[in-house]
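Working through the structure, step by step
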Amino acid sequence: MKTDQKVTSRGAGMERAQQRIGIIGTGAIGGFYGVMLARAGFDVHFLLRSEFAAVSEQGLHIDSDVHGALHLQPVQAYTDAAQMPPCDWLLVGAKTTSNPALAPLISRTCAAGGKVVLLQNGLGVEEALRPRLPGNLHLLGGLCFVCVNRTAPGVVRHQALGAVNLGYHSGPAQDALARQAIVESAVALFHAAGIESQAMLNLAQARWQKLVWNVPYNGLSVLLKASTTPLMADASSRALIQALMCEVVEGARACGHVLPVGYAEDLFAITEKMPDYWPSMYHDYAQGRPLELAAIYAEPLAQARQADCRLPRIEALYQSLAFIDRHNR
């Protein structure tokens, strides 16, 4: 039986309480990891927009099949980035479709020399954001392997998994050892919160690896109006998923990133064992929000094309989704 655990920082170590963490994008990703970090005793601050009133009054709720029912109340919540205290760490859980407006928010909320972690899908997200950020900020990428979705204002449903893989992109840390130390400190944050995490030496390759899952399942959930269980149960959709995965692996190889042998097959097998899950792109489609097509489809296709590699199935999926996205909004 699940227990409703009220999350506070009482009894937390002074070291954790002194590390201030900001969350930009308090949806499913930001809400889940923010509550887990607050539960571990970190000083966590949340930037919200439309859900500010609900979260201020009722707190943040995580309905987790793994950790039970978690409730963070009160929440250090803000509607204006200028009101937030300077944060040592900034976790960005906002969708890539909002990235053009992120730089001013990050610049206002991150302390000088702070670390910014983009918990986003797709390729090219760090490269697009880096020129807009102060040079003294460290920019990291985070790949989340987690089944979460927002079910109501301030309420997140967590079905399975939760790991975060982290890599250094750019910033004032010039040598490999300094960069690795920063990534390891980020890994330590998540470990302290009971979340599996590992450092990735090659962030670009790690992003291609995440695309092996995101490209087929996100897109097909919208195109075929199907969650993971029916997609895996039908012979035609299974074959299409495997073909799309193979094209991602091919595109990564053409761009100089050789993925581990059997990686796609392992992800396919893991998905078969997962609880039935609607990927995040389907929730965006259902709510009439813009789909994350640029980072998950357009950029990988462009990079592969520059390497003289054509990915026809992914291109057809992208074109179909672009049509759906235009008419859905």
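Just so we're clear, the structure is a prediction, and the values are computed from it rather than from any experiment. (Residues numbered from 1 in each chain as written. Predicted model: local features only at pLDDT ≥ 70, side-chain atom pairs only at ≥ 80, totals over all residues. Heavy atoms only, no water.)

Details of the packing of helix H9 (residues 235-254) against helix H13 (residues 312-328)
Which entries qualify depends on this criterion: Axis definition: a line fitted to C-alpha atoms, over the contacting stretch in the case of helices. Angles run 0 to 180 degrees between N-to-C directions. By definition, any uninterrupted DSSP run of H or I lasting at least four residues is a helix, any uninterrupted run of E lasting at least two residues is a strand, and each is numbered from the N terminus. Under this scheme an angle from 65 to 115 degrees is roughly perpendicular, one under 35 degrees roughly parallel, and one over 145 degrees roughly antiparallel; angles in between are oblique. Contact between two residues is taken to exist if any of their heavy atoms lie within 4.5 Å; hydrogens are not considered. Residue polarity is assigned by list, with Asp, Glu, Lys and Arg as charged and Ala, Val, Leu, Ile, Met, Phe, Trp, Tyr, Cys and Pro as nonpolar; anything else, Gly included, falls into the polar class.
Following both chains from N to C, one finds H9 and H13 inclined at 110°, their axes separated by 8 Å at the closest point. When the axis of H9 is compared with that of H13, the two are roughly perpendicular. Where H9 approaches H13, its residues Ala-243, Leu-244, Glu-247 and Val-248 are matched on the opposing element by Pro-312, Arg-313, Ile-314 and Leu-317. Considered class by class, the residues forming the contact of H9 with H13 number six nonpolar, no polar and two charged.

Structural notes on helix H10 (residues 263-273)
Here is the rule we go by: Buried means the residue's accessible area, taken with a 1.4 Å probe over protein chains only, is under 20% of the maximum for its type, while exposed means over 50%, and partly exposed covers the values in between. When we speak of the arc, we mean the arc of directions from the helix axis to the C-beta atoms.
Among all positions in H10, only Tyr-263, Ala-264, Leu-267, Phe-268 and Thr-271 are buried. Projected onto a plane normal to the axis of H10, the buried residues spread over an arc of 140° and lie on a single side. Exposed side chains of H10 directed beyond 90 degrees from the buried face belong to Glu-265 and Lys-273. At its buried positions, H10 is contacted by strand E9 (138-152), helix H7 (203-223), helix H8 (228-233) and H9.

What to know about the packing of aromatic side chains
Note the following rule: Any pair of Phe, Tyr and Trp rings, taking the six-membered ring for Trp, is counted once the centres come within 6.5 Å. Such a pair is stacked with planes under 30 degrees apart, edge-to-face with planes over 60 apart, and tilted for the rest. Placement of a charge over a ring requires the Lys NZ or Arg CZ to be within 6 Å of the ring centre, with the centre-to-atom vector within 35 degrees of the ring normal.
Scanning all chains against the criterion turns up seven aromatic pairs. Between Trp-278 and Tyr-282 the ring centres are 4.1 Å apart and the planes differ by 35°, which places this aromatic pair in the tilted class. Judged by relative accessible area, which is 19%, Tyr-282 ranks as buried. On the basis of an interplanar angle of 15° and a centroid distance of 6.5 Å, the ring pair of Tyr-297 and Tyr-318 is categorised as stacked. With Tyr-297 in helix H12 (residues 293-306) and Tyr-318 in helix H13, this pair connects stretches of sequence that are 21 residues apart. Judged by relative accessible area, Tyr-318 falls into the partly exposed class, the value being 26%. Members of the aromatic cluster, each reached through a chain of ring pairs, are Phe-32, Tyr-33 and Phe-190. Above the face of the Trp-89 ring, Lys-115 is positioned so that its terminal group lies 5.4 Å from the ring centre. The ring of Phe-145 has Lys-210 sitting right over it, with the charged end atom 5.3 Å from the ring centre.

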